[in-house]
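# Coordinates in review
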Amino acid sequence: MINKKLFFFLMLFSTFSTNSLAQNINQNAPNFIVIFADDLGYGDLSSFGHPSIHTPHLDQMAIEGQQWTNFYVGASVCTPSRAALITGRLPVRNGLMSNKSRVFFPDSKNGIPASEITIAEQLKKAGYATHMIGKWHLGHREAYLPTNHGFDSYFGIPYSNDMDYVVREDLKSTYWDLWKVHYEKLKTEDFNVPLLRDKEIIERPANQYTIVNRYTDEAIKIIEQHQTDGQPFFLYLAHNLPHVPLFVSEQNKGKSKNGLYGDVVEEIDLNIGRIISALKEKQMHKNTIVVFTSDNGPWLQTDLSGGTAGMLRDGKGSTFEGGVREPTIFWGPGHVQPGRINQIGSTMDLFATFSAMAGVALPEDRVLDSYDLTPVLMKRQKGERNKLFYYRERELYAVRLGAFKAHFITKGGYGDFPRTLHNPPLLYNLDEDPAERFNIAQLHPEILREIKVAVDEHQKNMSMPKDLLAERDPKYIRN
Ligand code: MG
């Protein structure tokens with residue numbers, strides 16, 4: 001068995017002998033596990049107020065760690081939200097936000113550009129092993145897969161679990177009716193989604209009944225591997241559920257009081273409990289930080305197949321709070337000071353936060369939208385982030401400055417909603433009115449002026465490259 005000290009000795013020896021590895025090898029650098037749910041709403045955990053979904057493992061993590069009530073993603077749909085997390089940048093900066101296609105599809109031609117620095121590439125500079133499990137959704141062609149963007153290994157599906165639908169003649173259904181009416185009749189083989197190991201397809205269609213358990217088995221293997229070799233690691237575990245279609249293992253079916261959706265959320269919770277137990281059994285819990293959050297709000301148009309944003313307004317696809325504020329927990333008994341945190345944070349901040357903890361300097365050749373959260377996590381001090389820019393497609397829809405949020409444009413999450421311009425903007429105080437019900441623009445012209453200054457400053461540094469989501473392959477043959 002190679003212990004941690006020996007690993008660092010080997011790393012240093014390797015550095016001297018090859019003169020190529022990072023200078024910043026930090027012996028106290030923690031392991032990082034980011035667990036991303038898909039389309040889970042702000043109100044879908046019992047610790048965030050759900051009355052019938054039972055999530056005891058996540059709730060316990062929220063007690064032992066930090067429960068964040070104002071934590072955001074970088075966009076309200078899958079692809080750009082994942083791009084934001086993985087690069088620490090607003091996805092409009094890297095071409096992964098589009099007016100033509102909101103996410104990547106199986107006929108999409110592009111993926112995350114090679115010029116982007118992913119968190120995995122960043123942590124490799126400090127000698128981390130890097131692993132990805134689950135839904136990638138940043139390009140499924142080989143050049144764009146995780147193992148070409150800083151990850152040592154990959155096990156998962158390259159895009160959403162509802163893609164590659166094999167039309168069921170017996171259901172004679174619209175897309176939306178699949179989730180509203182037929183959701184309990186759907187089978188995993190109705191979706192010809194591939195499961196990959198590194199770059200190879202190993203199963204198609206992916207068996208989605210067992211996928212949560214199998215992702216977790218892989219995660220536990222990675223934990224065991226690094227207990228043995230002592231190498232610090234970063235694991236990005238992106239569950240493709242509870243995004244529709246919903247599937248659950250036989251042993252957890254019918255267990256929840258919330259129907260199939262609740263069964264799926266509870267199965268994810270149970271499996272997160274397995275990861276925490278593995279860390280404790282291996283004595284790695286004191287030097288591992290686990291972050292749990294979701295990629296965007298609930299897909300409200302899927303009715304009972306979707307979740308809830310609790311008291312927050314709207315859901316997936318929208319720049320109202322329900323689209324982008326997520327139930328978030330930071331757990332790490334050796335590093336994270338327990339408490340309930342009402343400060344603003346973002347998945348984009350993980351880039352700077354992990355870099356700081358691992359001792360890696362931030363890149364200086366690009367604009368980052370990432371703030372180091374370590375003062376909040378480790379000491380419960382005030383963090384630096386006090387603003388957020390909410391983009392939809394390639395337009396700035398809203399801005400949050402402190403407690404205040406101004407909407408310049410609003411539109412419903414999904415479907416044929418009107419796009420409404422607001423001049424003056426709508427203004428809400430999210431501390432007093434988290435549900436965004438009472439427009440107070442007339443009461444606070446001075447806040448609108450402050451927000452305008454923040455927008456002008458932000459736009460000085462904004463340039464949008466080519467839209468990479470727009471290009472689709474006309475020769476692609478759908479199943
Ligand atoms: Mg999603």
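Residues numbered from 1 in each chain as written. Predicted model: local features only at pLDDT ≥ 70, side-chain atom pairs only at ≥ 80, totals over all residues. Heavy atoms only, no water.

## Some remarks on the nonpolar core
Core analysis: the largest hydrophobic core is formed by 64 residues, its most contacted members being I33 and F292. Listed in part, the 52 residues of the second largest apolar core include A29, V291, F330 and L469. (Core = buried A, V, L, I, M, F, W, Y, C linked by side-chain atoms within 4.5 Å. Buried < 20%, exposed > 50% of the residue type's maximum accessible area, 1.4 Å probe, protein only.)

## Quick notes on the sheet that holds strand β15 (residues 404-410)
Spatially, the 4 strands line up as an open sheet ordered β13-β14-β15-β16, and their pairing is antiparallel. Each edge of the sheet is formed by a strand with only one pairing partner; in this case those strands are β13 (387-392) and β16 (420-429). Strand-to-strand twist of the sheet, defined as the mean angle between neighbouring strand axes without regard to direction, takes the value 20 degrees. Taken together, the 6 bridges between β13 and strand β14 (residues 395-401) define a ladder with antiparallel strand orientation. Residue pairing across strands places R392 opposite E395, the latter belonging to β14. Packing of helix α11 (residues 445-460) onto the sheet brings it into contact with β13, β14, β15 and β16, and relative to β14 it is tilted by some 125 degrees. (Pairing = 2+ DSSP bridges. Helix = DSSP H or I, 4+ residues; strand = E, 2+ residues; numbered from the N terminus. Axes fitted to C-alpha atoms, helices over the stretch in contact; angles between N-to-C directions. Contact = heavy atoms within 4.5 Å.)

## Overview of empty space enclosed by the protein
Tallied over the full model, the rule gives 3 cavities of 30 Å³ or more. A volume near 70 Å³ is recorded for the largest cavity. What lines the largest cavity is simply A75, S76, V77, P80, M97, S98, R102, Y391, R392, E393 and L469. (1 Å grid on protein atoms, 1.4 Å probe; cavity = no way out; pocket = protein on both sides within 12 Å on 5 of 7 lines; lining within 4 Å. Points joined across faces, edges and corners; volume = space filled by probe spheres on them.)

## Some points on the coordination of the magnesium ion
The protein atoms that coordinate the magnesium ion are D38 (OD), D39 (OD), C78 (SG), D295 (OD), D295 (OD) and N296 (OD1), at distances of 2.1 to 2.7 Å. The coordination sphere of the magnesium ion comprises 6 donor atoms, whose angles at the metal cover 52 to 156 degrees; the geometry is irregular. When the donors of the magnesium ion are listed by position in the chain, the intervening gaps give D-D-x38-C-x216-D-N. With D38 in the loop between β1 (31-37) and α2 (56-64) and N296 in the loop between β9 (288-294) and α8 (321-324), this residue pair connects regions lying 258 residues apart in the sequence. No difference in accessibility class separates D38 from N296, as the two residues are buried. (Donors = N, O, S within 2.8 Å, 3.2 Å for Na, K, Ca; no water. Tetrahedral: all angles 85-135°; square planar, octahedral: opposite > 155°, others 65-115°.)

## Concerning the pattern of salt bridges
Taken as a whole and assessed by the stated rule, the structure comprises 28 salt bridges. For K135, the salt bridge identified is with D38, shortest N-O distance 2.5 Å. A residue pair is termed long-range when its members are at least 10 positions apart, and K135 in the loop between β4 (129-134) and β5 (153-156) and D38 in the loop between β1 and α2 qualify at 97 residues. Taken as a pair, K135 and D38 share a single burial class, namely buried. Across the pair K199 and E142 runs a salt bridge, and its minimum N-O distance is 3.9 Å. (Salt bridge = Lys/Arg side-chain N within 4 Å of Asp/Glu carboxyl O.)

## Some points on the pairing of β4
Extensive coverage of β4 is indicated by the burial of 6 of its 6 residues. Here β4 pairs with β5 via 3 bridges, running parallel. Pairing of I133 across the sheet is with F155, part of β5.

## Here we look at the sheet that holds β4
Sheet architecture is open: 10 strands sit in the order β7-β6-β5-β4-β8-β1-β9-β10-β2-β11, paired in mixed fashion. Taken across any chain shown, the strands that pair with only one partner, and hence form the sheet edges, are β7 (200-203) and β11 (339-341). Neighbour to neighbour, the strand axes of the sheet diverge by 20 degrees on average, direction disregarded. Of the strands in this sheet, β2 (66-68), β9 and β10 (328-331) are in contact with α2, which crosses β10 at around 65 degrees. Across the sheet, helix α9 (residues 349-358) lies against β1, β8 (233-238), β9 and β10, angled at about 165 degrees from β1, the strand it touches most.

## Concerning the side chain of K135
Of the residues examined, K135 reaches a relative accessible area of 0% and is grouped as buried. Here S160 takes part through its side chain, which lies 2.8 Å from a polar atom of the side chain of K135. (Polar contact = N/O pair within 3.5 Å; in protein donor to acceptor, adjacent residues only side chain to side chain.)

## Comments concerning the packing of α2 against helix α7 (residues 259-281)
The contact between α2 and α7 brings their axes to 7 Å, and the two run at 50 degrees. Put simply, α2 runs oblique to α7. For the pair formed by α2 and α7, the contact residues are P56, H57, L58, M61 and E64 on the first element and D269, L270, I272, G273, I276 and K280 on the second. Within the contact of α2 with α7, the residues separate by chemical class into 6 nonpolar, 2 polar and 3 charged. (Parallel < 35°, antiparallel > 145°, perpendicular 65-115°, else oblique. Nonpolar A, V, L, I, M, F, W, Y, C, P; charged D, E, K, R; others polar.)

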